[in-house]
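Close look at the chain arrangement
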Amino acid sequence: MSITDNKRVLVTGGAGFLGSHLCKRLLGDGAEVICLDNFYTGQKRNIMHMMNDPMFTILEHDITVPINLQVDEIYNLACPASPPHYQYDPIHTMKTSVMGIIHMLGLTKRVNGKIMHASTSEVYGDPEIHPQSESYWGHVNPNGYRACYDEGKRSAETICFDYKRMHDLQVKIVRIFNTYGPNMHPEDGRVVSNFIVQALKNEPITIYGDGLQTRSFCYADDLIEGFVRMMSKDNFCGPVNLGNPGEFTVRELAEMILDITGSKSQLIEKPLPSDDPKHRKPDITLAKQELDWVPVVPLEEGLKRTIKYFDELLGADSIPAKPRR
């Protein structure tokens, strides 16, 4: 029997990029899934294939407003995660992180359940140590354009631990590093989706700065496996880093996408946004020890799957994605 069999699981942000992958995984594991989303960045097309499943329910709701449900487990993924989206309404972004987690923790307390909160590598800010381990407290500008997201997520972690200490709540925190895959929003402003869409349209690929800043890219399926293992792990609350420690420059990523697609796009440079981190790489020692988790999908393979998704999504406006070999 699966560890999620017969459980009623709430996924906030369930129509989003990662939420939709998680809903699919939980349904496959035998859970009854409630997908909650306000559809600010979530997309109905991400969950269309699940709508006829009798074990799947969709609720249109914003977690800044309380809700009363009967569930066993909560995965709290609700929050815009790309800079253009979370900076569009920074006050609501902060409300989603702070008020949203308070409401979800209150629900967890009422049902005596478990909650996994999706935090982010952005709690480390523009890090002064490399790679980043969970013991590092971060280097964050509290007044910058990214602060609504960075500090919102940091505050949410604080609230999670206060609820755990005060109410002995079963709280779990994962810190997500750059993740990519099918179901990404084509206009979410993240580097992987930006580059793929630009390459498929033969448009100039926009690199901010010199492109030598580094990122680590984790495929969605690998991350979701980490989520499920974290929720099922007894006596471990985290926070724990989940990401792929393979490190690439942004320019290397762009060149790999050009090679896979066969695009005629040219690379152009634009000024680096303020507070953009120069390096981002997870130390996943703790995840290996506690969850027996490591990512297994290589970047090139994950990009091919993601490019195929965007190629089909863009349809006639795209060029065929060509295998590298």
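The structure this text deals with has already been given above.
Scope of this entry: the structure provided in the associated data block. (Residues numbered from 1 in each chain as written. Predicted model: local features only at pLDDT ≥ 70, side-chain atom pairs only at ≥ 80, totals over all residues. Heavy atoms only, no water.)

**Topic: the environment of V33**
Heads up, the condition is: A run of H or I in DSSP becomes a helix once it reaches four residues, and a run of E becomes a strand once it reaches two; helices and strands are each numbered from the N terminus. The contact criterion used throughout is that any non-hydrogen atoms of two residues lie within 4.5 Å.
Along the chain, V33 turns up in strand 2 (residues 32-37). A sequence separation of 38 residues divides V33 from V71, and the C-alpha atoms of the two residues are 9.3 Å apart. Discounting chain neighbours no more than four positions away, the residues touching V33 are V9, V11, C23, L26, L27, M55, F56 and T57.

**Some points on the layout of surface pockets**
Formally: Residues are called lining when one of their atoms sits within 4 Å of a cavity or pocket point, these points coming from a 1 Å grid over the protein atoms alone, where a cavity is a set in which a 1.4 Å probe fits but cannot get out and a pocket is an open set with protein on both sides within 12 Å along at least five of seven lines. Grid points are joined across faces, edges and corners, and a volume is the space filled by probe spheres set on the points. Classes in brief: Ala, Val, Leu, Ile, Met, Phe, Trp, Tyr, Cys and Pro nonpolar; Asp, Glu, Lys and Arg charged; the others, Gly included, polar.
Taken as a whole, the second largest pocket spans an internal volume of roughly 240 Å³. Mapped by element, the contributors of at least two residues to the lining of the second largest pocket are helix 1 (17-28) and helix 6 (220-232). By residue number, the principal contributor to the lining of the second largest pocket is helix 1, which donates four residues. When grouped by side-chain class, the residues that make up the lining of the second largest pocket number three nonpolar, four polar and four charged.

**Quick word on unusual backbone geometry**
Here H130 and P131 are connected by a cis peptide whose omega angle stands at -5 degrees. In this structure, P131 sits in the loop between strand 5 (114-120) and helix 4 (147-167). Residues G238 and P239 are joined by a peptide bond in cis, for which omega reads 5 degrees. Its location among the elements puts P239 in the loop between helix 6 and strand 11 (240-242). Backbone geometry at N183 places phi at a positive 80 degrees, although glycine is not the residue there. Among the secondary structure elements, N183 is positioned in the loop between strand 7 (179-180) and helix 5 (191-200).

**Let's talk about the pairing of strand 6 (residues 170-176)**
Cut-off, in case you're wondering: Per-residue accessibility, obtained with a 1.4 Å probe over protein chains only, is compared with the maximum for each type, and a residue is labelled buried under 20%, exposed over 50%, and partly exposed between these values. Criterion used throughout: strands pair if DSSP finds at least two bridges between them. Assignment of crossover handedness uses the view with strands pointing away from the viewer, where a clockwise path from the first strand over the helix to the second indicates a right-handed crossover.
With respect to burial, strand 6 is a largely interior element, six of its seven residues being buried. Both strand 5 and strand 6 contribute to a ladder of seven bridges, which runs parallel. Paired with T120 across the two strands is I176, which belongs to strand 6. A crossover links strand 5 with its parallel partner strand 6, the connecting element being helix 4, and its sense is right-handed. Bridge count between strand 6 and strand 11: three bridges; the pairing is parallel.

**Observations concerning the packing of helix 3 (residues 90-111) against helix 4**
Quick reminder of the rule: For every element, the axis is a line fit to its C-alpha atoms; helices are fit only across the contacting stretch, and the angle between N-to-C directions ranges from 0 to 180 degrees. Every angle not falling under 35 degrees, over 145, or within 65 to 115 is termed oblique; those three ranges are roughly parallel, roughly antiparallel and roughly perpendicular. Here is the rule for handedness: rotate from the far helix to the near one, and if that takes an anticlockwise turn smaller than a right angle the crossing is left-handed, while a clockwise turn gives right-handed.
Relative orientation of the contacting elements helix 3 and helix 4 amounts to 15 degrees, with a least axis distance of 8 Å. Regarding the angle of helix 3 to helix 4, the classification is roughly parallel. Considering how the two elements wind past one another, helix 3 and helix 4 form a crossing that is right-handed. Between helix 3 and helix 4, the residues in contact are P90, T93, M94, S97, V98, I101, I102, L105, G106 and K109 and A147, C148, Y149, E151, G152, K153, S155, A156, I159, C160, Y163 and H167, respectively. Of the residues contributing to the contact of helix 3 with helix 4, the split by class is 13 nonpolar, six polar and three charged.

**Some thoughts on the sheet that holds strand 11**
An order of 3-2-1-4-5-6-11 is seen for the seven strands of this open sheet, with the pairing classed as parallel. Here the strands that pair on one side only, and so sit at the sheet edges, are strand 3 (56-60) and strand 11. Looking at each pair of strands side by side, their axes are set apart by 20 degrees on average, direction ignored. Each of strand 1 (8-12), strand 4 (73-76), strand 5 and strand 6 is contacted by helix 3, which is oriented at about 160 degrees to strand 5, the strand it contacts most. Packing against the sheet, helix 6 makes contact with strand 4, strand 5, strand 6 and strand 11, and its axis sits at approximately 160 degrees to strand 6.

**Quick word on the environment of K278**
Positionally, K278 belongs in the loop between strand 13 (267-270) and helix 8 (285-291). The class of K278 is partly exposed, set by a relative accessible area of 48%. K278 sits 64 residues away from T214 along the chain, and the two C-alpha atoms are 6.4 Å apart. With residues up to four places along the chain from it excluded, the contact list for K278 reads D126, Q213, T214 and R215.

**So, the pattern of salt bridges**
Put simply, the test is: The term salt bridge refers to a pairing of a side-chain nitrogen on Lys or Arg with a carboxyl oxygen on Asp or Glu at a separation within 4 Å.
All chains considered together, the criterion is met by 17 salt bridges. Note that R8 is salt-bridged to E32, the shortest N-O span being 3.1 Å. Residue R8 is found in strand 1, and its partner E32 is found in strand 2; the two are separated by 24 residues along the sequence. The class for R8 is partly exposed, based on a relative accessible area of 28%. Between R165 and D162 there is a salt bridge; the shortest N-O distance is 3.0 Å. With R165 and D162 both in helix 4 and three residues apart, this pair spans about one turn of that helix.

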